[in-house]
Amino acid sequence: MPGPLVLAIWYVGIVLEIAFVVCSIARKSFFRYIFLNAYFLLGLGSDAGRYFFLSKFGQGSDEYRYAYFYTDALLTLALYLALISLYSCVFGELRFNRYVRFGAVILLLGTALFSYAVVVQSEQRLATAFAYELSQNLYFVGLVLTYILWGAMLKLRETRTRVVQFVLSLGLYFSAYAACYALGNLSNYPVVQYLSGGIGCLLPLAWTVTMWRHAEESRLEPARLLAVAR
Amino acid sequence: MSRKLAALALVLAILVCSMGLKTAISHGNAGSPVMIANGPAPAPIAPPPQGKK
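Reading guide: rules and limits
- Chains are numbered independently. Their residues run from 1 in the order of the written sequence.
- To read the labels, note that chains go from A and ligands from 1, taken in the order they are written.
- In view of the model being predicted, local features appear only for residues whose pLDDT reaches at least 70, and side-chain atom pairs are presented and counted only at 80 or more, with totals across whole chains, interfaces and linings using the full set of residues.
- To get the side-chain values, all heavy atoms of the structure are used, and hydrogens and water are removed first.
- A run of DSSP states H or I qualifies as a helix once it reaches four residues; a run of E qualifies as a strand once it reaches two. Both are numbered from the N-terminal end.
- The buried label applies to any residue whose accessible area, calculated with a 1.4 Å probe on protein chains only, is under 20% of its type's maximum; exposed applies above 50%, and partly exposed to all values in between.
- Per-residue and other accessible areas were derived by the Shrake-Rupley procedure at a 1.4 Å probe size, with only the shown protein chains allowed to occlude residues.
- In what follows, residue pairs with any heavy atoms lying within 4.5 Å of each other are defined as contacts.
- Accessible surface is computed with a 1.4 Å probe, and the buried area is the amount of it that two parts give up when combined, taken over both parts together.
- The salt bridge criterion pairs a side-chain nitrogen of Lys or Arg with a carboxyl oxygen of Asp or Glu, the two atoms within 4 Å.
- Here a polar contact is taken to be a pair of N or O atoms separated by no more than 3.5 Å, where protein atoms must pair a possible hydrogen donor with a possible acceptor and residues adjacent in sequence count only if both atoms sit in side chains.
- Interaxial angle, 0 to 180 degrees, is taken between N-to-C directions of lines fitted to C-alpha atoms, where a helix line uses only the stretch in contact.
- Note that the term roughly parallel is reserved for angles under 35 degrees, roughly antiparallel for angles over 145, roughly perpendicular for angles of 65 to 115, and oblique for everything else.
- Note on convention: near helix rotated counterclockwise from far helix by under a right angle means a left-handed crossing. Clockwise means right-handed.
- Only Asp, Glu, Lys and Arg are considered charged in this grouping, and only Ala, Val, Leu, Ile, Met, Phe, Trp, Tyr, Cys and Pro are considered nonpolar; every other residue, Gly among them, is considered polar.
- Each pair of aromatic rings taken from Phe, Tyr and Trp, with Trp reduced to its six-membered ring, is defined by centres within 6.5 Å and is described as stacked if the planes are under 30 degrees apart, edge-to-face if over 60, and tilted in the remaining cases.
- To sit over a ring, a charge needs its Lys NZ or Arg CZ within 6 Å of the ring centre and within 35 degrees of the ring normal.

Enquirer: I'm lost on the overall build of chain B in this one. Help?
Expert: When you go through chain B residue by residue, the secondary structure sums to one helix and zero strands. Burial analysis of chain B (53 residues in total) assigns 40% to the buried set. Roughly 2,900 Å² of accessible area belongs to chain B as shown, and the carbon and sulfur atoms make up 68% of that amount.

Enquirer: Even after reading the chapter, I still don't get the interface of chain A and chain B, so can you show me in this structure?
Expert: By a widely used convention, the size of an interface equals the accessible area lost when the partners come together. Listed by partner, the interface residues are 57 residues for chain A and 37 residues for chain B. In this assembly, chain A packs against chain B so that about 4,500 Å² is buried in total across both faces, 69% of it on carbon and sulfur atoms. Here chain A is connected to chain B by one salt bridge. Between B:Lys22 and A:Glu133 there is a salt bridge whose closest N-O contact spans 3.0 Å. The interface formed by chain A and chain B holds four residue pairs in polar contact (both at pLDDT 80 or more) in total.

Enquirer: Before we go on, may I ask you to explain the packing of helix H4 (residues 97-119) of chain A against helix H1 (residues 2-25) of chain B in this structure?
Expert: When two helices pack together, their arrangement is captured by the angle between the axes and the distance separating the axes. H1(B) packs onto H4(A) with a crossing angle of 40° between their chain directions and a minimal axis gap of 9 Å. Considering the angle they form, H4(A) stands oblique to H1(B). Once H4(A) is placed against H1(B), the crossing between them reads as right-handed. Taking contact as the criterion, the partners of A:Tyr99, A:Phe102, A:Gly103, A:Ile106, A:Leu107, A:Gly110, A:Thr111 and A:Phe114 in H4(A) are, on H1(B), B:Arg3, B:Lys4, B:Ala7, B:Leu8, B:Val11, B:Ile14, B:Leu15 and B:Met19. Taken together, the residues of the contact of H4(A) with H1(B) sort by class into eleven nonpolar, three polar and two charged.

Enquirer: Would you mind going over unusual backbone geometry with me for this structure?
Expert: Most peptide bonds take the trans configuration, and most residues that are not glycine carry a negative phi. Residue and element names in this part refer to chain A. A positive phi angle, close to 55°, is found at Lys28, a residue other than glycine. Considering the arrangement of structural elements, one finds Lys28 in the loop between helix H1 (4-26) and helix H2 (34-57). Under the relative-accessibility criterion, Lys28 is labelled exposed at 76%. Non-glycine residue Arg157 carries a positive phi angle of around 55°. Structurally, the position occupied by Arg157 is in the loop between helix H5 (126-156) and helix H6 (161-186).

Enquirer: Looking at this structure, how should I read the packing of aromatic side chains?
Expert: Any pair of aromatic rings gets described here by the distance separating the centres and the angle formed by the planes. All names here are of chain A. Applying the stated criterion across every chain, the model contains 21 aromatic pairs over all chains. Each ring, one from Trp10 and one from Tyr11, has its centre 6.5 Å from the other, and the planes form 15°; the classification is stacked. A relative accessible area of 0% means that Trp10 is categorised as buried. Accessibility expressed as a relative area gives 38% for Tyr11, which makes it partly exposed. Joined through ring pairs, the aromatic side chains of Phe20, Tyr33, Tyr39, Phe40, Phe166 and Trp207 make up one cluster. Seen from the ring of Tyr68, Arg50 lies directly overhead, with NZ or CZ sitting 4.3 Å from the centre. Seen from the ring of Tyr99, Arg98 lies directly overhead, with NZ or CZ sitting 5.2 Å from the centre.

See below:
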């Protein structure tokens with residue numbers, strides 16, 4: 001079993017995931033943000049599965065490793081869908097939803113093809129290597145998509161506080177993970193393990209606070225966030 | 001039709017940007033052992049082997 005600090009971070013993350021779903025039900029926004037809720041519900045399910053394999057087989061076991069990578073691939077797909085649902089929120093009024101869906105499907109297929117091309121030389125366990133590679137590649141696609149969405153929101157003067165906060169939190173989450181990835185590649189810092197767990201708590205925390213503090217009717221001017229005092 | 005082509009071009013640009021960013025961040029180290037994953041669950045000790053038996 002991992003150390004107490006790693007486990008404590010994990011438990012905090014689980015509590016925050018539950019808190020988001022409870023908050024969205026309490027604020028009667030569960031179905032409005034169904035994909036965001038589905039992501040956390042799937043996260044709770046995979047946490048349960050991961051805990052089962054971790055406690056039964058241990059952190060270094062193949063069973064935990066495969067459970068971890070397959071659930072991670074599913075979670076990344078769910079997060080991608082959540083991001084596309086935020087795109088639909090922003091572009092829905094412009095009747096661009098059809099193109100958003102078309103682009104999302106093509107992008108997912110393109111990423112899957114690219115991942116397959118990378119792992120096709122694996123002689124064994126192609127499915128696991130594919131799940132791992134697809135998950136990693138979708139992260140970076142998500143990172144780029146989030147920044148494009150933020151740029152579009154500024155251009156379109158999107159004012160819904162919840163949508164603005166959701167997208168900003170997602171951008172922060174993806175960027176922090178990318179920074180962690182870079183740090184881990186530079187050197188094998190043990191602190192990356194804790195950082196990565198902490199960042200995992202960041203998204204449910206930010207989304208729960210947003211859901212709790214801001215009503216659906218709440219408005220915000222994103223341009224003000226970028227304004228520089230003269 | 002042209003809108004769909006524009007969407008397709010945008011999708012390809014996003015894909016190229018994303019993979020370029022990934023390569024740049026991993027310092028061109030293909031099959032990097034470092035990984036990123038969803039949620040705060042403790043990561044397994046090593047990623048699955050790639051291209052090895």
